[in-house]
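# A look at the structure
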Amino acid sequence: MAEVLITLGIIGIVAAMTLPVAIRHYNKRVTEVRLEHFYSLMNQAITAAEVKYGDKAYWPEMKLESATYEDNLEWVDTYITPFIKVLKKEECFAKTVCLTLINGSRVRINRDNFTFYPKANPTEDIRGKTCFEFIFAPNNEHFPLAKDKGVEPYVGSYFGGDNDLYTNATYGCTGEKVACDEYSGSNKNKYCTKIIQMNGWKIPDDYPFRF
């Protein structure tokens with residue numbers, strides 16, 4: 001009996017040591033897979049919409065300062081939702097449209113801004129960890145790496161150089177804890193998505209957040 005208890009105790013200790021690592025690895029892998037899937041899904045939708053509505057460069061743009069939820073919803077229901085499967089559609093932060101996807105992830109759309117949540121209801125609110133920024137700017141000269149393309153990782157004023165993705169004073173993936181719904185304050189960690197994409201949709205070892 002004593003030997004059984006000792007064995008069970010050892011198993012418990014080993015499990016306590018390895019379980020957190022296994023959970024972190026699982027969370028990291030889910031984030032990677034869902035980021036890549038989201039990127040593919042959105043661009044497939046945009047490609048399909050182009051067949052019906054023509055070149056995306058000529059689709060109507062949104063005026064951020066005056067857009068209503070109804071404006072955003074009309075755009076989303078024209079160019080996105082007819083071409084993907086959605087579990088739920090609702091109004092969320094700052095008059096944006098939130099779509100819950102069939103794999104349990106969520107995206108908040110404000111026409112040119114797509115904020116992606118690998119898990120629809122994350123336990124934390126941290127940009128670059130529980131949400132990731134994308135941009136749709138096919139005809140915007142201020143986003144050179146997104147111009148003439150579909151939904152791309154948010155690149156802002158980035159013009160190349162891996163180090164800038166981490167150190168950029170405005171958008172750098174620094175690891176600071178910035179809320180996903182932060183619009184009026186810090187833009188930190190918006191480049192985090194680009195770092196993961198450039199690493200083949202795998203979170204690199206030097207990434208500032210741990211999962």
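Residues numbered from 1 in each chain as written. Predicted model: local features only at pLDDT ≥ 70, side-chain atom pairs only at ≥ 80, totals over all residues. Heavy atoms only, no water.

### Regarding the layout of surface pockets
Picture a little ball the size of a water molecule; that probe, rolled over the atoms, points out where space is still empty. Inclusion rule: Definitions used throughout: a 1 Å grid over protein atoms alone; a cavity as a set of points that fits a 1.4 Å probe which cannot get out; a pocket as an open set with protein on both sides within 12 Å along at least five of seven lines; a lining residue as one with an atom within 4 Å of a point. Grid points are joined across faces, edges and corners, and a volume is the space filled by probe spheres set on the points. For this classification, the nonpolar set comprises Ala, Val, Leu, Ile, Met, Phe, Trp, Tyr, Cys and Pro, the charged set comprises Asp, Glu, Lys and Arg, and every other residue, Gly included, is treated as polar.
Estimated volume of the largest pocket: approximately 250 Å³. Lining the largest pocket, in full, are Asn27, Val30, Thr31, Pro118, Lys119, Asn121, Pro122, Thr123, Glu124, Lys129, Thr130 and Phe211. Of the residues in the lining of the largest pocket, the class split is four nonpolar, five polar and three charged.

### Comments concerning the confidence of the model for the protein
Low-pLDDT stretches of the model should not have their predicted coordinates read in fine detail. Quick reminder of the rule: Summary of the metric used: pLDDT quantifies the predictor's per-residue confidence within the range 0 to 100. Residues are treated as being in contact if the distance between any of their heavy atoms lies within 4.5 Å.
Mean pLDDT over the protein: 86, with 84% of residues reaching 70 or higher. Note that residues 7–12 has pLDDT below 50 and, in this model, zero contacts with residues that lie over four places away or in other chains.

### Quick notes on the pairing of strand S5 (residues 132–136)
Selection criterion: The buried label goes to any residue with under 20% of its type's maximum accessible area, the exposed label to any with over 50%, and the partly exposed label to all in between, with areas taken from a 1.4 Å probe on protein chains only. Each helix corresponds to a stretch of at least 4 residues labelled H or I by DSSP, and each strand to a stretch of at least 2 residues labelled E; elements are numbered beginning at the N terminus. Pairing between two strands is assigned when DSSP locates at least 2 bridges connecting them.
Counting buried residues in S5 gives five out of five residues, a clear majority hidden from the surface. Pairing analysis gives four bridges linking strand S4 (residues 113–117) to S5, with the strands arranged antiparallel. Across the sheet, the residue bridging to Phe116 is Phe132, located in S5. Direction of pairing for S5 relative to strand S6 (residues 151–153): antiparallel, over a ladder of three bridges. Residue Phe134 lies in a different strand from S6, and its bridge partner there is Pro153.

### A short note on the state of the cysteines
Quick reminder of the rule: We call a pair of cysteine sulfur atoms a disulfide when they lie within 2.5 Å.
Counted under the stated rule, the structure contains three disulfides. Here Cys92 pairs with Cys98 through a disulfide, and the sulfurs are 2.0 Å apart. An S-S torsion of about 95° defines the bridge between Cys92 and Cys98 as right-handed. Note that Cys131 is cross-linked by a disulfide to Cys180, the S-S spacing being 2.3 Å. Between Cys131 and Cys180, the S-S dihedral sits near -115°, and the bridge is therefore left-handed. With Cys131 in the loop between S4 and S5 and Cys180 in the loop between helix H3 (162–167) and helix H4 (192–198), the pair connects residues that are 49 residues apart, well separated along the chain.

### Digging into the nonpolar core
Selection criterion: Here, nonpolar core means buried Ala, Val, Leu, Ile, Met, Phe, Trp, Tyr and Cys residues that are tied together by side-chain atoms lying within 4.5 Å of each other.
With 47 residues, the main nonpolar core has Trp75, Ile80, Leu99, Phe114, Phe134 and Tyr207 as its most contacted residues. When residues of this core are traced back to their parent elements, those giving at least two are helix H1 (2–53), helix H2 (69–79), strand S2 (96–101), strand S3 (106–109), S4, S5, H3 and H4. By residue number, the principal contributor to this core is H1, which donates eight residues. Among residues more than four places away in sequence, those in contact with Phe114 are Phe38, Met42, Trp75, Ile80, Val107, Arg108, Ile109, Phe132, Glu133, Phe134, Phe136 and Val151.

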